[in-house]
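Listed here are the chains, written in short residue letters.
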Amino acid sequence: MRYYEPDFYEDFKCIADRCRHSCCKGWEIDVDEDSLRRYSKLEGAMGQKLRESISNDEEPCFILSEDERCPFLQDNGLCQLIIELGEDSLCDICREHPRFYNYYGDREERGIGLCCEEAVRLLLQYPEPFKILKYHCHGEAEEDEKEVLLRDRLLEIISFGEENLSSRLITCLKLCNAKIIDFDPKFWAEYYLGLERMDEKWTEMLINLRTADTRNFLPSGLPAERLFSYFIYRHFAKLCTDYGPASALVFCLLSVAVIILLEDTDGENFEHVRLYSAEIEYSDENIQLIMDKISQRQK
């Protein structure tokens, strides 16, 4: 088995009460079976509060308050469970978020999702081109799947090509036999507005995207390169299996195009990236609908 991670993975640490957008608010928090068993045996006031705070549904989860806060999120932005019982007391989703894992044959890849503002900061402010690092290996290695090999070639072109970024992206499109999309911000703003949405600020950004000026839309610089690389690292090989390399690549390019244009509507640093990730990357349904539309346009 081989294990991989992006170059900024080990630098990530939750910033807790310094975070402007707590992941302990507005998200459903499932409780895994192992944690449920531990909580059922915990004595004292904390044990009682835990048991009273978990639903009896088929898939147990913490019962959120009316303003969708976790019952253990304190007013100071810190977690009562961590303070009183330590980080080992957390259920799986709280301990792992915003980490993600993808599996290809004998290859496990992990990363940090951009729904977290600290993850966005680390990705975009890292001073070097995006790299995938192998951090562990045991046993004989299998041959990588063709989707992973193509993905790695795309990352090499984007991160270490000698041409400007726009030329490198055209090379990637040709490699995947993908059509260059006619990026119409009004069309895509309307399409994204038709998807499931959670945050009112995301709706406001999409409304403003309708009239975005694309004349100066020339992605360049290391942050843009790393953003492209992140989407390809996380999504390309997985989407390639179901939709083919052309549509998988265009999804990554479209995502970055939308994010770059949303930057003009964003008054807060990195907020447009975080919102795109939370609203699109963390919704399988939204990704599927976007992929269906892209696939139609690639025919």
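Residues numbered from 1 in each chain as written. Predicted model: local features only at pLDDT ≥ 70, side-chain atom pairs only at ≥ 80, totals over all residues. Heavy atoms only, no water.

Details of the side chain of Asn102
Stage number 1. By the element assignment, Asn102 lies in strand E2 (residues 99-104).
Stage number 2. The class of Asn102 is buried, set by a relative accessible area of 6%.
Stage number 3. Once residues lying within four places of it in the same chain are set aside, the contact partners of Asn102 are Arg107, Glu108, Glu109, Arg234 and Lys238. (Helix = DSSP H or I, 4+ residues; strand = E, 2+ residues; numbered from the N terminus. Buried < 20%, exposed > 50% of the residue type's maximum accessible area, 1.4 Å probe, protein only. Contact = heavy atoms within 4.5 Å.)

Brief notes about the pattern of salt bridges
Two side chains of opposite charge can pair, provided their charged atoms sit close to one another.
Stage number 1. Applying the stated criterion to the full structure yields 19 salt bridges.
Stage number 2. Salt-bridge contacts for Asp144 lead to Arg2; the nearest nitrogen and oxygen are separated by 2.8 Å. One end of the pair, Asp144, is in the loop between strand E4 (132-137) and helix H6 (146-160); the other, Arg2, is in strand E1 (residues 2-6), and 142 residues separate them in sequence. Accessibility assignment for this pair places Asp144 and Arg2 in one class, buried.
Stage number 3. Measuring nitrogen to oxygen at the nearest pair gives 2.8 Å for the salt bridge that ties Asp7 to Arg226. (Salt bridge = Lys/Arg side-chain N within 4 Å of Asp/Glu carboxyl O.)

As for helix H12 (residues 271-281)
Stage number 1. Buried residues dominate H12, accounting for 11 of its 11 residues.
Stage number 2. Looking at H12, one finds that the buried residues are Glu271, His272, Val273, Arg274, Leu275, Tyr276, Ser277, Ala278, Glu279, Ile280 and Glu281.

Regarding the sheet that holds strand E3 (residues 107-112)
Stage number 1. The sheet built from 4 strands is open, its strands ordered E2-E3-E1-E4 with mixed pairing. At either margin of the open sheet sits one strand with a lone partner, and together these are E2 and E4. The average angle at which neighbouring strand axes cross in this sheet is 25°, direction not considered.
Stage number 2. Here E1 runs beside E4; their pairing, made up of 5 bridges, is antiparallel. Counted as the bridge partner of Tyr3 is His136 from E4.
Stage number 3. The sheet strands contacting H6 are E2, E3 and E4, and the helix crosses E3 at an angle near 40°.
Stage number 4. Relative to the sheet, helix H10 (residues 222-243) contacts E1, E2, E3 and E4, its axis offset from that of E2 by approximately 45°. (Pairing = 2+ DSSP bridges. Axes fitted to C-alpha atoms, helices over the stretch in contact; angles between N-to-C directions.)

Concerning the packing of aromatic side chains
Stage number 1. In total, this model carries 15 aromatic pairs according to the counting rule given.
Stage number 2. Between Trp27 and Tyr282, the aromatic rings sit 5.8 Å apart at their centres with planes inclined by 80°, giving edge-to-face as the arrangement. Taken together, the residues Trp27 in the loop between E1 and helix H1 (33-41) and Tyr282 in the loop between H12 and helix H13 (284-298) connect sequence positions 255 residues apart.
Stage number 3. By relative accessible area, which is 28% here, Tyr282 ends up partly exposed.
Stage number 4. Between Phe62 and Phe72, the ring centres sit 5.6 Å apart and the planes meet at 70°, which makes this aromatic pair edge-to-face. Linking Phe62 in the loop between helix H2 (44-52) and helix H3 (80-85) with Phe72 in the loop between H2 and H3, this pair joins segments that are 10 residues apart in sequence. One exposure class covers both Phe62 and Phe72, and it is buried.
Stage number 5. An aromatic cluster of at least three residues, connected via ring pairs, comprises Phe100, Phe130, Phe187, Trp188, Tyr191, Tyr192, Trp202, Tyr230, Phe231, Tyr233 and Tyr276. (Phe/Tyr/Trp six-rings, centres within 6.5 Å; stacked < 30°, edge-to-face > 60°.)

Points about the side chain of Ser53
Stage number 1. Residue position: Ser53 is located in the loop between H2 and H3.
Stage number 2. Look at Ser53 and you get buried, because its relative accessible area is 9%.

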